2 protein chains.
Amino acid sequence: MTESEERDERHKARMARKKAVIDEKIAQASDERGLLLVHSGNGKGKSSSAFGMVARALGHGIKVGVVQFIKGAATGEEAFFRRFPEEVRYFRMGEGFTWETQDRQRDKLKAEEAWQVARELLADEDIGLVVLDELNIALKHGYLELDVVLADLHARPFLQHVVVTGRGARDELIEAADTVTDMSLVKHAFKAGVKAQKGIEF
Amino acid sequence: MTESEERDERHKARMARKKAVIDEKIAQASDERGLLLVHSGNGKGKSSSAFGMVARALGHGIKVGVVQFIKGAATGEEAFFRRFPEEVRYFRMGEGFTWETQDRQRDKLKAEEAWQVARELLADEDIGLVVLDELNIALKHGYLELDVVLADLHARPFLQHVVVTGRGARDELIEAADTVTDMSLVKHAFKAGVKAQKGIEF
């Protein structure tokens, strides 16, 4: 056997063991139910990953609801997903980040209005995926009651998935979640003096 | 002044300082050019974040190219983005994860075929965003020459953005990238015995 053939054989054996382990895990994981996902951390990709899941869901014929709690200006994803009003219910609430408005009472009121919209989506059996974009920010600043939010999430339809995004996820939400991803920043072009780019940052 | 008013005032002052810092950074960051983004780590969201950026780009009228290096079966995002053949050129190459095929030579050949397709997209000025999904896996296993990949990335059109996904990004690629995000796993439903869900995992 040549060295290259040996390497291929070892690879084959290793992959066969890996396949056995993964197949076993898949066989064990049989629950079908709606998941609560949280995307937190200081890195990029929290919201864009949620919007990738929107595309994924739409590809499977699943209807989607989106509530943006903090975003001000319209983004590329909003322009795009608004093309499909039968498939995506899209609500951009709030009026920009809180450091733009500097008015705590107004931010609180806006967050509460947004939660009323979210609550409707969370009660709708026809909607298979709900994105609550930047909800973590609203919770972190105390604009919404955590207990109310957790209760409404808990009471949602059994098969409905929810994705919550934003920095600084509250511990109780992490506790309640099925899947939590921390997006951490390794390197960011913005810090190196590159302008926020259309199609990438917004 | 009541306690609540004082809190609001402090909030306002803090947010005003934050706004000043952020406005200054935005003013400094004036470069407009195509970015190289890398999504790595063991958490969820590497590919879905790239597909969220696809939606974002499409919303801005930017044309997109996608090459999937490893994926086997069709996913929700593929079904969805194939609805827009004028806007998205979508190529699913490879035949499943390497632990499914257990054949190193075939995987290598497939990766090289996929790179030829990627190279065409990376030479096309009309395409503003190229997603190279799971390219990191192909590089990690040595299925592609790192030098060739880096040279082709470097030679792409000046305004073209590229997103590379997959675990175990090579150091040289991280070095070459503008923005690097590490998606790390905090908690995963799959490990808790929940089946991979349509619209969430694929």
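Just above sits the structure.
Bear in mind that the values here come from a model prediction, so they are computed numbers and not experimental data. Once a new chain begins, its residue numbering starts again from 1 and follows that chain's sequence as written. Each chain gets a letter, beginning with A, and each ligand a number, beginning with 1, in the order they are written. Reporting of local features is limited, given that this is a predicted model, to residues whose pLDDT is at least 70; pairs of side-chain atoms are given and counted only at 80 or more, and all residues count toward the totals for whole chains, interfaces and linings. As a rule here, side-chain values come from all non-hydrogen atoms in the structure, and water together with hydrogens is ignored.

> Talk me through a positive patch on the surface; I want residue IDs and the actual numbers.
The patches reported here contain residues having more than 30% relative accessible area and no salt bridge. Joining distances are 9 Å for like charges and 5 Å for nonpolar side chains (Val, Leu, Ile, Met, Phe, Trp, Tyr). The Shrake-Rupley method, run with a 1.4 Å probe sphere, supplies the accessible areas, and residue values consider only the shown protein chains as cover. Here, a salt bridge means any side-chain nitrogen of Lys or Arg that lies within 4 Å of a carboxyl oxygen of Asp or Glu. Positive residues here are Lys and Arg, negative ones are Asp and Glu, while His and the chain termini are left out of the count. Charged side chains are reduced to one point each, which is NZ for Lys, CZ for Arg, CG for Asp and CD for Glu. Residues Arg7, Arg10, Arg14, Arg17 and Lys18 of chain A together with Lys140 and Arg167 of chain B make up a contiguous surface patch of positive charge. In this text, helices come from DSSP runs of H or I with a minimum length of four residues, and strands from runs of E with a minimum of two, each type numbered from the N-terminal end. Residue contributions to the positive patch peak at 5 residues, all from helix 1 (residues 3–28) of chain A. Tracing the backbone shows Lys18 of chain A in helix 1.

> Tell me what's going on with the pairing of strand 6 (residues 179–187) of chain A, and back it up with residues and numbers.
Where strand 1 (residues 36–40) of chain A lies against strand 6 of chain A, 4 bridges are found, and the strand directions are parallel. Opposite Ser40 of chain A, over in strand 6 of chain A, you have Asp182 of chain A as the bridge partner. Of the strand pairs in this sheet, strand 6 of chain A and strand 6 (residues 179–187) of chain B are connected by 7 bridges, and their pairing is antiparallel. Note on strand 6 of chain B: the bridge partner recorded for Lys187 of chain A is Val180 of chain B. Any two strands with at least two DSSP-identified bridges between them are counted as paired.

> Lay out the environment of Phe81 of chain A with the relevant residues and their values.
For Phe81 of chain A, the location among the structural elements is in helix 3 (residues 76–81). Residue exposure (1.4 Å probe, protein chains only): buried if accessible area is under 20% of the type maximum, exposed if over 50%, otherwise partly exposed. Relative accessible area serves as the criterion here: at 0%, Phe81 of chain A is assigned to the buried category. Through-space distance from the C-alpha of Phe81 of chain A to that of Val54 of chain A is 8.8 Å; in sequence the pair is 27 residues apart. Setting aside chain neighbours within four positions, we find Phe81 of chain A in contact with Phe51, Val54, Ala55, Leu58, Val88 and Tyr90 of chain A together with Ala55 and Phe80 of chain B. Note on contacts: a residue pair qualifies if any of its non-hydrogen atoms lie within 4.5 Å across the two residues.

> Residue-level account of the sheet that holds strand 3 (residues 88–92) of chain A, with values.
With mixed pairing, the 12 strands of this open sheet are ordered in space as 3(A)-2(A)-4(A)-5(A)-1(A)-6(A)-6(B)-1(B)-5(B)-4(B)-2(B)-3(B). Strand pairing shows two members of the sheet lacking a second neighbour, strand 3 of chain A together with strand 3 (88–92) of chain B, which therefore form its edges. With strand direction ignored, the average angle separating the axes of adjacent strands in the sheet is 15 degrees. Of the pairings in the sheet, the one linking strand 1 of chain A to strand 5 (residues 161–165) of chain A comprises 4 bridges and is parallel in character. Its bridge partner lying in strand 5 of chain A, His39 of chain A is registered against Thr165 of chain A. Of the strands in this sheet, strand 1, strand 2 (63–68), strand 3, strand 4 (127–133), strand 5 and strand 6 of chain A are in contact with helix 2 (residues 46–59) of chain A, which crosses strand 4 of chain A at around 165 degrees. Here an angle of 0 to 180 degrees is reported between the N-to-C directions of two axes, which are lines fitted to C-alpha atoms, with helices fitted over the stretch in contact.

> Describe in detail the environment of Glu78 of chain B, supporting the description with residues and values.
Residues and elements named next belong to chain B. Considering the arrangement of structural elements, one finds Glu78 in helix 3 (residues 76–81). Setting aside anything within four residues of it in sequence, one finds Glu78 in contact with Gln68, Tyr90 and Arg92. A 3.5 Å cut-off defines polar contacts: any pair of N or O atoms within that distance qualifies, except that in protein one atom must be a possible hydrogen donor and the other a possible acceptor, and neighbouring residues in sequence count only when both atoms are side-chain atoms. Within the structure, the side chain of Glu78 is placed 2.9 Å from the side chain of Arg82, a separation counted as a polar contact.

> Requested: an account of the packing of aromatic side chains, with residues and values cited.
Here a pair means two rings of Phe, Tyr or Trp (six-membered ring of Trp) with centres within 6.5 Å. Their orientation is stacked below 30 degrees between planes, edge-to-face above 60, and tilted elsewhere. Applying the stated rule across the entire model yields 16 aromatic pairs over all chains. Seen from their ring centres, Phe69 of chain B and Trp115 of chain B are 6.2 Å apart, and the 35 degrees between their planes marks the pair as tilted. Placement of the pair is Phe69 of chain B in the loop between strand 2 (63–68) and helix 3 and Trp115 of chain B in helix 5 (residues 104–121), with a sequence separation of 46 residues. Here Phe69 of chain B falls in the buried class, since its relative accessible area comes to 3%. Through pairs of rings, three or more aromatic residues link up here, namely Phe51, Phe80, Phe81, Phe84 and Tyr90 of chain A together with Phe51, Phe80, Phe81, Phe84 and Tyr90 of chain B. When the ring centre of Phe84 of chain B is taken as reference, the NZ or CZ atom of Arg83 of chain A above it lies at 5.8 Å. In this scheme, the term charge over a ring applies when either NZ of a lysine or CZ of an arginine sits within 6 Å of the ring centre and within 35 degrees of the ring normal.

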